[in-house]
Each structure stands twice: as structure tokens, then as C-alpha cells.
Amino acid sequence: MREDGNGDGHRDETGVASSGVDRPAFLALERELTVLLRRARANQGEMAREVHPDLESAAYGLLVRLDECGSQRATELAAYIGVGKATMSRQLRALEDLGLVAREPDPADGRAWLVALTKEGHDRVSRVREARRARYAGRLADWDQREVAELARLLQRLNRGMER
């Protein structure tokens, strides 16, 4: 390989510029994240069905967010999930129809609404999340607790880096 014209990358034997992202560490990272994300999508669908048989897979993340953070405006949820207002409205309507969330007036702004889990929604989400944590604990039973904590720390760091 030889240095490219900018001095900050290389060109391979075909003359294509490379910034180092083809190095073995990044190739391994890409491969492992692909497997992890594929499994996570499949698991999210299973967890959604455990909460309610008619729950869309994508809506499970909304329920978890509400469980962790409490009541939020639909616009906050849409920004967090990364969807538009129309998509969020449709998902929230479906969750309301299933009795998992309810809208309530925002005490800080009478024109706005907050979305919150219903008791039924909280109970169902809590039960599924607890079962998921138990599965993680079983699958990682041979890991040292410091390794589990380090993995959580690194994943949090990765997620924060991906927000940029």
C-alpha cells in the first residue's frame, strides 16, 4: 500500500482510498455487531409478543423507554426512537388500543400531552424485562461479574458515540 494524496489514508492495490476502517479490529467489530443486532431484532420481536400478542416489534422500545423514564411527550419519544411524528402517533394509538399506554395532560403545558404506561403496561413490560435479565444471567453465568460490568460500560460508550 502507498500513502494517498491527503497523507491521511492509504490506497490499496486497486487504487481505492482507505482510511484504516478495513483493519482487522474494525472488520471483527462489524461482524460481531451485525450478529448482535440480528439477534437483538429477533429477540425484540419475541419480547414484544410476550408483552402482548398484537404488539409490533418496534413498539417494544417505546414501552421500555416509558418504563425507564416515566411520562414523556410524543415528540420526545419520536426523537429518542428516531421516527417521525406520524409514525409515533400511529404507534402510540396502537399501544393505547392495547391498553398499554395512556395520554394525560402535561401539567407544564396545558396544550401538550404526556404518554405514560398504564398499570397493565408497566406490569407486562416489567415481567418481560425481568425474564430477559434472567436469560442474560443464565447465558453469562460463566462470566465474572467484572466482565459483565465492563461489557455494559463499553456498550454504553459505544451507544453514546453512535449518538453523535
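Here we summarise the structure given alongside this text. (Residues numbered from 1 in each chain as written. Predicted model: local features only at pLDDT ≥ 70, side-chain atom pairs only at ≥ 80, totals over all residues. Heavy atoms only, no water.)

Considerations on the pattern of salt bridges
- One pass over the full model with this rule turns up 12 salt bridges.
- Measuring nitrogen to oxygen at the nearest pair gives 3.8 Å for the salt bridge that ties Glu-32 to Arg-31.
- Residue classification places Arg-31 among the partly exposed positions, given a relative accessible area of 49%.
- A salt bridge links Arg-90 to Glu-56; the nearest nitrogen and oxygen atoms lie 3.0 Å apart. Within this pair, whereas Arg-90 is found in helix H4 (residues 85-97), its partner Glu-56 is found in the loop between helix H1 (24-51) and helix H2 (60-69), the two being separated by 34 residues in sequence.
- Residue classification places Glu-56 among the partly exposed residues on the basis of a relative accessible area of 38%. (Salt bridge = Lys/Arg side-chain N within 4 Å of Asp/Glu carboxyl O. Buried < 20%, exposed > 50% of the residue type's maximum accessible area, 1.4 Å probe, protein only. Helix = DSSP H or I, 4+ residues; strand = E, 2+ residues; numbered from the N terminus.)

Brief notes about a nonpolar patch on the surface
- Taken together, the side chains of Leu-36, Trp-143, Leu-151 and Leu-155 define a hydrophobic patch exposed on the protein surface, amounting to about 320 Å² of accessible area.
- By the element assignment, Leu-151 lies in helix H6 (residues 145-163). (Patch = residues over 30% accessible without salt bridge, like charges linked within 9 Å, V, L, I, M, F, W, Y side chains within 5 Å. Areas by Shrake-Rupley, 256 points an atom, 1.4 Å probe, with all protein chains shown as cover.)

Structural notes on the pairing of strand S4 (residues 101-106)
- For S4 and strand S5 (residues 109-117), the ladder comprises six bridges, and the chain directions are antiparallel. Its bridge partner being in S5, Glu-104 is matched across the sheet by Leu-114.
- Between S4 and S5, which follow one another and run antiparallel, lie two residues. (Pairing = 2+ DSSP bridges.)

Quick word on a positive patch on the surface
- A grouping of Arg-38, Arg-39, Arg-41, Arg-135 and Arg-139 is seen on the molecular surface, where their side chains present a positively charged patch.
- Only H1 and helix H5 (119-139) provide two or more residues apiece to the positive patch.
- Sort the elements by how many residues they give to the positive patch and H1 lands first, with three residues.
- Here Arg-41 is to be found in helix H1. (Lys, Arg positive; Asp, Glu negative; His and termini not counted. Charge placed at Lys NZ, Arg CZ, Asp CG, Glu CD.)

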